[in-house]
Amino acid sequence: MIPSRWKGVCMEGSDFKASLCNRKLIGARYYDITGQLDKDKNPAGSARDEVGHGTHTSSIAAGARVTNASYFGLGRGTARGGLPSARIAAYKACTVDGCAGSVILKAIDDAIEDGVDIISISIGMGSLFQSDYLNDPIAIGAFHAQEMGVMVVCSAGNDGPDPYTIENSAPWIFTVAASNIDRDFQSTVVLGNGRTFRGSAINFSNLTRSRTYPIIFGENAATEFTPSSEAMICYPGSLDRQKVAGKIVVCADNDASIPRKIKKEVAEDARAIGLILINEDKKGLPLDSGSFPLSELGDKAGMQILKYVNTSRNPTSTILPAVDVLGYKPAPSVASFSSRGPGQLTENILKPDIMAPGVAILAAMIPISEMGNKQPGYAIKSGTSMACPHVTGAAAFIKSIHPEWSSSVIKSALMTTATIYNNMGKPLTNNSFFSANPHEMGVGEINPLKALNPGLVFVTTTRDYLQFLCFYGYKEKLVRSMSNTNFKCPKHSYEELIPNMNYPSISISKLDRHKSSQTVKRRVTNVGSPNSTYIARVQAPMGLLVNVAPKKMVFIEGLARRSFKVTFSGKEATRGYNFGSITWFDGRHSVRVVFAVYVE
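A brief report on the enclosed structure follows.

What counts and what doesn't
Residues numbered from 1 in each chain as written. Predicted model: local features only at pLDDT ≥ 70, side-chain atom pairs only at ≥ 80, totals over all residues. Heavy atoms only, no water. Helix = DSSP H or I, 4+ residues; strand = E, 2+ residues; numbered from the N terminus. Buried < 20%, exposed > 50% of the residue type's maximum accessible area, 1.4 Å probe, protein only. Contact = heavy atoms within 4.5 Å. Areas by Shrake-Rupley, 256 points an atom, 1.4 Å probe, with all protein chains shown as cover. Lys, Arg positive; Asp, Glu negative; His and termini not counted. Charge placed at Lys NZ, Arg CZ, Asp CG, Glu CD. Phe/Tyr/Trp six-rings, centres within 6.5 Å; stacked < 30°, edge-to-face > 60°. Pairing = 2+ DSSP bridges. Axes fitted to C-alpha atoms, helices over the stretch in contact; angles between N-to-C directions. 1 Å grid on protein atoms, 1.4 Å probe; cavity = no way out; pocket = protein on both sides within 12 Å on 5 of 7 lines; lining within 4 Å. Points joined across faces, edges and corners; volume = space filled by probe spheres on them. Nonpolar A, V, L, I, M, F, W, Y, C, P; charged D, E, K, R; others polar. Disulfide = S-S within 2.5 Å. Right-handed = clockwise from strand over helix to strand, strands pointing away. Patch = residues over 30% accessible without salt bridge, like charges linked within 9 Å, V, L, I, M, F, W, Y side chains within 5 Å. Salt bridge = Lys/Arg side-chain N within 4 Å of Asp/Glu carboxyl O.

### Quick word on the overall build of the protein chain
Item 1. Assigned secondary structure in the protein chain consists of 13 helices and 31 strands.
Item 2. The proportion of buried residues among the 600 residues of the protein chain is 54%.
Item 3. Summarising the internal contacts of the protein chain: among those between residues at least 6 apart in sequence, 70% fall at separations of at least 24.
Item 4. Working note: accessible area of the protein chain is about 26500 Å², and carbon and sulfur atoms make up 51% of it.
Item 5. Positive and negative side-chain charges in the protein chain, numbering 64 and 51 respectively, have mean positions lying 7 Å apart.

See below:
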């Protein structure tokens, strides 16, 4: 049954009837660029998904269980969302031309008024065009949502691996980074000398091992008057068709300004048989090239292929169709594209918050004619857009078990119980196989089952967020306008007080090694056994002194809240960011609080 408190509607449009809503899709709205209901000004409008992004992400969060799902045979198995029993309401706030801030605000307001429990937003303003908290429509809308008890989960952005690229970094937003999973889609490159290299790709090539084709490096196939450096990266218009036609071309993929899909089209337009891309960062991020033979490999394999091309009289190769590879290791690891912290606006809040699967995720897709007339109903996509609804589904799962828990309690439960080890039993790594730090993965990978029983939680209130705005530097009048109250900023309001906000992680942007130490405060609420004793364990890098007081917290019936302080001293610490954690342990629960401290 649809909940009686539900107030939403199913707006009819040119290709969407209200009868299409059901007990799964219980609401659908769409808008024009002014944020008004689109049907008032554009009768041709519709809530129907035109590009598939919303369909894909919503099915990740709450899709029903479907057996034998696949993308043209790849990724075959049973597909399901994070909470299949959850209901979905869709708010089409974006068009193919982009997302207007006014529309985003209107859609969030409508969702709150309609009665949703969680809002999943797999969009961002872009790391190069970030607005401050009170000028960012997503941040403003999310603030009002959390005021009304509605959790907002957002994607972290796809501008990694550079630092300071994190999006949606307001503390009242649950910000999600992306990781890979223990499955890969591999396409093998076979050279004429018999050597094979396993690359990453989603291609349905009709090439076989029985026949190889001439292979050429893009640098040697430049058109007249085109620099070889452009042809080397498959720059548009750079490849000479007479030199490339009928051959497999090898190009570098180290220029982020040219998407891989463009490089693929450049090779196709030059009538190449196939394309081999070389990029260390993206070798584990399979590109869907359809029926065009394509494979992407890392630098080491790429150099060996180029050596063969440059030293052989008649070099040849072939590219085999993609196959599933299960049990891929290491996983999870931080995706290369996942945006990194620290935050541009403040480094006193640790972002991203958490990490979830976002690489090569199989999920529902709108009917699209591909590879002939087949319409698989599924697609394999990558991005923090895919990681975000994984957390949304996990939060919905927890909410279904603990309906009385607030948004911040659910967020805290997921953060303090996150996984920090991969399927090899070793610490999580980034795409370069180095240990991942909290600016890359947040507190770690989500573990929804463990989050059902976190032991202790950090309750972050609206008052905490309002004080954060004061500490950040906003005038009291502006802060009041956000909450429509007579809230008063603390007499002493400056940015160095932000780390004291009752957040499930700790970040200090500046710890002067030549001055006194810095102390932050936290308060916890016991949601586990009413009679329990927790002991603090500190994991800190050498030289950074971390003292927790008290080191033991005792909870008894009727006493569910306790406070503690953490003091950091960096006199002997390494300059730059120092990462570590404080874990409260009672013999059953491990409540892990990650910290990032910049020592100067």
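Next comes the rest of the account.
### What to know about the packing of aromatic side chains
Item 1. Applying the stated criterion to the full structure yields 17 aromatic pairs.
Item 2. Through pairs of rings, three or more aromatic residues link up here, namely Y133, F143, W172, Y465, F468, Y472 and Y474.

### Remarks on the sheet that holds strand β24 (residues 506–511)
Item 1. The strand order across the open sheet built from five strands is β24-β31-β30-β26-β28, with neighbouring strands paired in mixed fashion. Unpaired on one side and paired on the other, β24 and β28 (552–555) mark the two borders of the sheet. Pairwise comparison of adjacent strand axes, ignoring direction, gives a mean angle of 20° for this sheet.
Item 2. Looking at chain direction, strand β26 (residues 532–539) and β28 are connected through four bridges and run antiparallel. Bridged to T533 within β28 is V554.

### As for the layout of surface pockets
Item 1. There is about 1400 Å³ of room inside the second largest pocket.
Item 2. The wall of the second largest pocket is formed by 43 residues, among which R260, K261, L285, L287 and S382 lie closest to the centre.
Item 3. Among the secondary structure elements, those contributing two or more residues to the lining of the second largest pocket are α6 (260–269), β16 (288–290), β22 (378–381) and α8 (384–401).
Item 4. Taken together, the residues of the lining of the second largest pocket break down into 18 nonpolar, 12 polar and 13 charged.

### Some remarks on the state of the cysteines
Item 1. On inspection of all chains with the given rule, the structure shows four disulfides.
Item 2. Residue pairing for C10: its cysteine sulfur links by disulfide to C21, the two sulfurs lying 1.6 Å apart. A torsion of -100° about the S-S bond marks the disulfide between C10 and C21 as left-handed. With C10 in the segment before β1 (25–30) and C21 in the segment before β1, the pair connects residues that are 11 residues apart, well separated along the chain. Each member of the pair, C10 as well as C21, is classed as buried.
Item 3. The disulfide partner of C94 is C99, and the gap between their sulfur atoms is 2.0 Å. On the S-S bond that ties C94 to C99, the torsion sits near 105°, and the link is right-handed.

### Focus: the pairing of strand β7 (residues 118–121)
Item 1. Pairing of β7 with strand β8 (residues 151–155) involves four bridges; the strand directions are parallel. Looking at β8, one finds that I118 is bridged to M151.
Item 2. Remark: the β7/helix α3 (residues 137–147)/β8 crossover connection has right-handed handedness.

### What to know about the pairing of strand β2 (residues 66–71)
Item 1. Looking at chain direction, β2 and strand β3 (residues 74–79) are connected through three bridges and run antiparallel. By the bridge assignment, Y71 is partnered in β3 with L74.
Item 2. Where β2 folds back onto β3 in an antiparallel hairpin, the turn is made up of two residues, including F72, whose phi is positive at roughly 50°.

### Things to note about unusual backbone geometry
Trans is the prevailing form of peptide bonds, just as negative phi is the prevailing case for residues other than glycine.
Item 1. A cis amide bond, omega -5°, links K329 with the succeeding residue P330.
Item 2. The residue P330 is located in the loop between β19 (323–326) and β20 (354–357) in this model.
Item 3. Omega for the peptide link from A331 to P332 comes to -5°, which places this bond in the cis form.
Item 4. Positive phi outside glycine occurs at A360, with the angle close to 50°.
Item 5. On the secondary structure map, A360 appears in the loop between β20 and β21 (361–364).
Item 6. With a phi close to 55°, N484 is a non-glycine residue in the positive phi region.
Item 7. By secondary structure assignment, the location of N484 is in the loop between α13 (476–483) and β24.
Item 8. We classify N484 as exposed; its relative accessible area is 73%.

### Side note on a nonpolar patch on the surface
Item 1. There is a patch of nonpolar side chains on the surface, built from V554, I556 and L559 and spanning about 220 Å² of accessible area.
Item 2. Its place among the elements puts I556 in the loop between β28 and β29 (561–569).

### Concerning empty space enclosed by the protein
Item 1. On inspection of all chains with the given rule, the structure shows four cavities of 30 Å³ or more.
Item 2. Put simply, the largest cavity is a space of about 50 Å³.
Item 3. Lining the largest cavity we find Q130, S131, D132, Y133, D136, A139, N168, S169, A170, I173 and L345.
Item 4. When the residues that make up the lining of the largest cavity are grouped by side-chain class, the tally is five nonpolar, four polar and two charged.

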